[in-house]
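Structural characterization, general
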Amino acid sequence: MIIVLRKGATQKDLQGVVEEIERAGLKAHISKGTERTLIGAVGDERVLSAEHLQTLPGVEKVLPILKPFKLASKEFHPEPTIVEVNGVKIGGNKLTIIAGPCAIENEDLLMRSAKYVKDAGADVFRGSAYKPRTSPYDFQGLGEPGLKLLKKVREKFGMPVETEVMDTRHVELVAKYVDIVRVGARNMQNFELLKEVGKIDKPVILKNGLSSTIKEFLMAAEYIMSEGNHNVILCYRGIRTFETDTRFTLDLGAIPVLKANTHLPVLVDPSHAMGKKDFVPAMSKAAIAAGADGLLIEVHCDPSQAKCDAAQQIVGAEFGKLMGDLRKVAEAVGRKI
Ligand code: PEP
Ligand code: MN
């Protein structure tokens, strides 16, 4: 539930409410707005009495959060969340473009890809050192040596970098090297992993599960947030349907629904959704038009040498043109790139 304090409520009033919430074994999340302070009581609220809280000094009203996700809900935090990472603001009027290869293969390919991404004006560089592959015989990623290469990109090009974390045992290590950690689709309901990334002080990109509902996606974000990390960035990458001509189905209807339900930034990944690079530009533009806060696009300097997802990666030399087209769409909907 949310406890709204009166204008002019004192620090002592605030403390009194927090103590009451904590006495009941729940966590109190304080959100100070320009006008009012809100306190979210998070946990099993049945142990709290709204009538009693209402009588505490400084309390204006007590509102139940009807949604199963609380911290992620718009009711709890009506303003859009802006996640800041090294000067890049994710979630504001300016769209965030994250681009880079599917996997980190070697230093030469990674640096060449990073140059295309930087020159085209993207904000964040992506690349995976740990790969969730369907076959155990396929390239599994370079592991820590790959993370070291990513750190080199960060230093050389002055761009924040992000990468996937798949294992609770790697969370600390991965967070040491990158600016943003990513939880991939296949781990969206790996609750132990969600809890671990909820304890770090780096932003987390959370992708929706292959067959998850929007509610399950938001509940996964809630897991991360409930551990204290509120810097969660959602990335919608489509779902599995009966369709086989595209790799997944990019249900762009999810964007306005997510935006209506949560204050968290919503990115779209058209690359993994479509599976073929020729279809990526159209869906990138469509996602911006539908209200996404940014995109995550796979870009490779030479996809013929890619060790995974070769067909869907935009060729480095063609990425600049796509960025130019995206700028026009962004402008048409009152956003910037
Ligand atoms: C990725 O972005 O590298 C990836 C594996 O995507 P997803 O988890 O959405 O399949
Ligand atoms: Mn990929």
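Bear in mind the structure is a predicted one, so any value in this text is a computation, not a measurement.

1. Some details on the site of ligand 1
- Surrounding ligand 1, one finds R126, S128, K131, E164, R182, G184, A185, R186, K207, R237 and H272.
- For ligand 1, an oxygen atom lies 2.8 Å from a polar atom in the backbone of A185.
- The separation between an oxygen atom of ligand 1 and a polar side-chain atom of R186 is 2.8 Å.
- Expressed as a share of its isolated accessible area of 290 Å², the protein-covered part of ligand 1 is 97%.
- Here the residues of the shell around ligand 1 sort into 1 nonpolar, 3 polar and 7 charged.

2. Overview of the domain arrangement of the protein chain
- Each assigned domain of the protein chain is listed with its residue range as follows: domain 1 (2-63) and domain 2 (83-332).
- Between the C-alpha centres of domain 1 and domain 2 the distance comes to 36 Å.

3. Remarks on the pattern of salt bridges
- This model, assessed by the stated rule, comprises 24 salt bridges.
- The shortest N-O distance in the salt bridge between R36 and E60 comes to 3.1 Å. On the criterion of sequence distance, the pair formed by R36 in the loop between β2 (27-32) and β3 (37-42) and E60 in strand β4 (residues 59-63) is long-range, its members being 24 residues apart.
- Put simply, R247 and D309 hold a salt bridge, and the shortest N to O gap is 3.2 Å. Here D309 lies in the loop between β14 (294-300) and β15 (314-315) and R247 lies in the loop between β12 (232-236) and α8 (254-261), a separation of 62 residues in the sequence.
- Sharing partners across several salt bridges, the network here consists of E162, E164 and R182.

4. Observations concerning the coordination of the manganese ion (ligand 2)
- Distances from the manganese ion (ligand 2) to its protein donors, namely C102 (SG), H272 (NE2), E298 (OE) and D309 (OD), fall within the range 2.0 to 2.3 Å.
- Within one chain, the residues donating to the manganese ion (ligand 2) are spaced in sequence as C-x169-H-x25-E-x10-D. Of this pair, C102 sits in the loop between β7 (96-100) and α3 (107-120) while E298 sits in strand β14, and the two are 196 residues apart along the sequence.
- Since its relative accessible area comes to 0%, E298 is described here as buried.

5. Description of the nonpolar core
- F125, V181, L206, L234, I297 and F319 are the most contacted members of the largest nonpolar core, which totals 79 residues.
- Each of two domains, domain 1 (2-63) and domain 2 (83-332), supplies a minimum of three residues to this core.
- I3, L5, L26 and L56 belong to the second largest nonpolar core, which has 16 residues in total.

6. Things to note about the sheet that holds β2
- Sheet architecture is open: 4 strands sit in the order β2-β3-β1-β4, paired in antiparallel fashion. Of all the strands in the sheet, the pair left with one neighbour each is β2 and β4. The mean inter-strand angle of the sheet, taken between neighbouring strand axes irrespective of direction, is 20 degrees.
- In this sheet, β3 lies alongside strand β1 (residues 2-5) in antiparallel orientation, the contact comprising 3 bridges. The partner of V4 across the bridge, within β3, is L38.
- Lying on the sheet, helix α1 (residues 11-23) is in contact with β1, β2, β3 and β4; it crosses β2 at an angle near 150 degrees.

Criteria and thresholds
Residues numbered from 1 in each chain as written. Chains lettered and ligands numbered in written order. Predicted model: local features only at pLDDT ≥ 70, side-chain atom pairs only at ≥ 80, totals over all residues. Heavy atoms only, no water. Near = heavy atom within 4 Å. Polar contact = N/O pair within 3.5 Å; in protein donor to acceptor, adjacent residues only side chain to side chain. Areas by Shrake-Rupley, 256 points an atom, 1.4 Å probe, with all protein chains shown as cover. Nonpolar A, V, L, I, M, F, W, Y, C, P; charged D, E, K, R; others polar. Domains from an automatic or database assignment. Salt bridge = Lys/Arg side-chain N within 4 Å of Asp/Glu carboxyl O. Helix = DSSP H or I, 4+ residues; strand = E, 2+ residues; numbered from the N terminus. Donors = N, O, S within 2.8 Å, 3.2 Å for Na, K, Ca; no water. Buried < 20%, exposed > 50% of the residue type's maximum accessible area, 1.4 Å probe, protein only. Core = buried A, V, L, I, M, F, W, Y, C linked by side-chain atoms within 4.5 Å. Pairing = 2+ DSSP bridges. Axes fitted to C-alpha atoms, helices over the stretch in contact; angles between N-to-C directions. Contact = heavy atoms within 4.5 Å.

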